[in-house]
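Residues per chain are reported as follows:
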Amino acid sequence: MSLILPNPSNNANESVIVRSGDAEVIGRAPTTIRLLADSSSTGGALSTQRVTLANGADGAKPHRHGASAELFYMLDGTAQLLSGEQVVTAERGDLVIVPAGLPHAFAAAPGEDADILIVITPGVERFEYFRHLERIAYGKVPPESLLDVQELYDTYFLTSTTWNDARS
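These numbers come from a predicted model, not from an experiment. (Residues numbered from 1 in each chain as written. Predicted model: local features only at pLDDT ≥ 70, side-chain atom pairs only at ≥ 80, totals over all residues. Heavy atoms only, no water.)

1. Concerning the pattern of salt bridges
The condition that has to hold: By convention in these notes, a salt bridge is any Lys or Arg side-chain nitrogen within 4 Å of a carboxyl oxygen on Asp or Glu. A run of H or I in DSSP becomes a helix once it reaches four residues, and a run of E becomes a strand once it reaches two; helices and strands are each numbered from the N terminus.
For the coordinates displayed, the defined rule picks out six salt bridges. For Asp-115, the salt bridge goes to Arg-50, with nearest N and O atoms at 2.4 Å. Of the two residues, Asp-115 is situated in strand S9 (residues 114-121) and Arg-50 in strand S3 (residues 47-53); the sequence distance between them amounts to 65 residues. In this structure, Arg-167 engages Asp-58 in a salt bridge whose closest nitrogen and oxygen atoms are separated by 3.0 Å.

2. Section: the packing of aromatic side chains
Note the following rule: Pairs were defined over the aromatic rings of Phe, Tyr and Trp, the Trp ring being its six-membered one, requiring ring centres within 6.5 Å. Orientation was assigned from the angle between planes: stacked under 30 degrees, edge-to-face over 60, tilted for the rest. Each ring is checked for a lysine NZ or an arginine CZ that lies within 6 Å of its centre and within 35 degrees of its normal; such an atom marks a charge sitting over the ring.
Tallying each qualifying case throughout the model produces three aromatic pairs. Three or more aromatic residues link up through ring pairs in this structure, and these residues are Tyr-129, Phe-130 and Tyr-153. In this structure, Arg-126 is placed above the aromatic ring of Tyr-129, and the distance from its NZ or CZ to the ring centre is 4.5 Å.

3. With respect to the nonpolar core
For clarity, the cut-off: For this analysis, a nonpolar core means a set of buried residues of the types Ala, Val, Leu, Ile, Met, Phe, Trp, Tyr and Cys, connected via side-chain atoms within 4.5 Å. Only protein chains enter the accessibility calculation, which uses a 1.4 Å probe; a residue is then buried when its area is under 20% of its type maximum, exposed when over 50%, and partly exposed in between. Residue contacts are counted whenever heavy atoms from the two residues lie within 4.5 Å of one another.
With 26 residues, the main nonpolar core has Leu-53, Phe-72, Leu-81, Phe-106 and Ile-116 as its most contacted residues. At the level of secondary structure, the elements contributing two or more residues to this core comprise strand S2 (31-37), S3, strand S5 (69-83), strand S7 (95-98), strand S8 (104-108), S9 and helix H1 (127-137). In this view, Phe-106 contacts Val-51, Leu-53, Asp-58, Gly-59, Ala-60, Phe-72, Gln-80, Leu-81, Ile-116, Ile-118 and Trp-163; residues no more than four positions away in its chain are not counted.

4. Details of the environment of Asp-115
The condition is simple: By the criterion applied in these results, polar contacts are pairs of N or O atoms within 3.5 Å in which, for protein atoms, one can donate a hydrogen and the other can accept it, and in which residues neighboring in sequence qualify only through two side-chain atoms.
Asp-115 gets classed as buried once you look at its relative accessible area, which sits at 11%. Put simply, Asp-115 and Pro-143 are 28 residues apart on the chain and 25 Å apart in space, counted from C-alpha to C-alpha. For Asp-115, the residues in contact, after removing those within four places along its chain, are Arg-50, Val-51, Thr-52, Tyr-73, Met-74, Leu-75 and Asp-76. Engagement of the side chain of Asp-115 in a polar contact is seen with the side chain of Arg-50, the distance being 2.4 Å.

5. Quick look at H1
Looking at H1, one finds that the buried residues are Phe-127, Tyr-129, Phe-130, His-132 and Ile-136. The inward-facing, buried residues of H1 contact strand S1 (24-28), S2, S3 and strand S10 (156-157). One or two steps after H1, the chain reaches Gly-139, where phi turns positive at roughly 75°.

6. Observations concerning the environment of Pro-30
Position of Pro-30 among the secondary structure elements: in the loop between S1 and S2. A residue is classified by how much of its surface remains accessible, and Pro-30, at 43% relative accessible area, is partly exposed. Through-space distance from the C-alpha of Pro-30 to that of Asn-55 is 7.1 Å; in sequence the pair is 25 residues apart. Once residues lying within four places of it in the same chain are set aside, the contact partners of Pro-30 are Thr-52, Leu-53, Ala-54 and Ala-57.

From the geometry alone we can't say anything about function, so treat these as descriptive.
Structure, rendered in structure tokens:
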């Protein structure tokens, strides 16, 4: 797994500043991901990205992280989030934190847009994971290739009847 535990000596004397125009953008509408700070740039404290979903678009299918909690802060719009066996509707200004090990997923609510800041802590090197997702979206690698990197990115895929029912 690519978990990097916080090390106070890494970046202890530096702030991490990511200008909007400098963030790498993965994908295109209806789903775009702005890569903000990966674990290696934060001394392992966290990794973060901004996900923008248009018109009910899916974000992430049900999965869990073995070692990291995931924070979802709604910058704008309305999203559905699976948290365990509960589907939560979150709107602008709402915060949902999913602890390590708990199944979760997210998507824009049907017919809605969602702009979500996501923080994973402790950090996991995730940027290459999102690049991998983009390669799948463009048909460069098969979807099942994600199964080969679950442990590397601490992302273990699951099935959820609760999520499937909410999204159908």
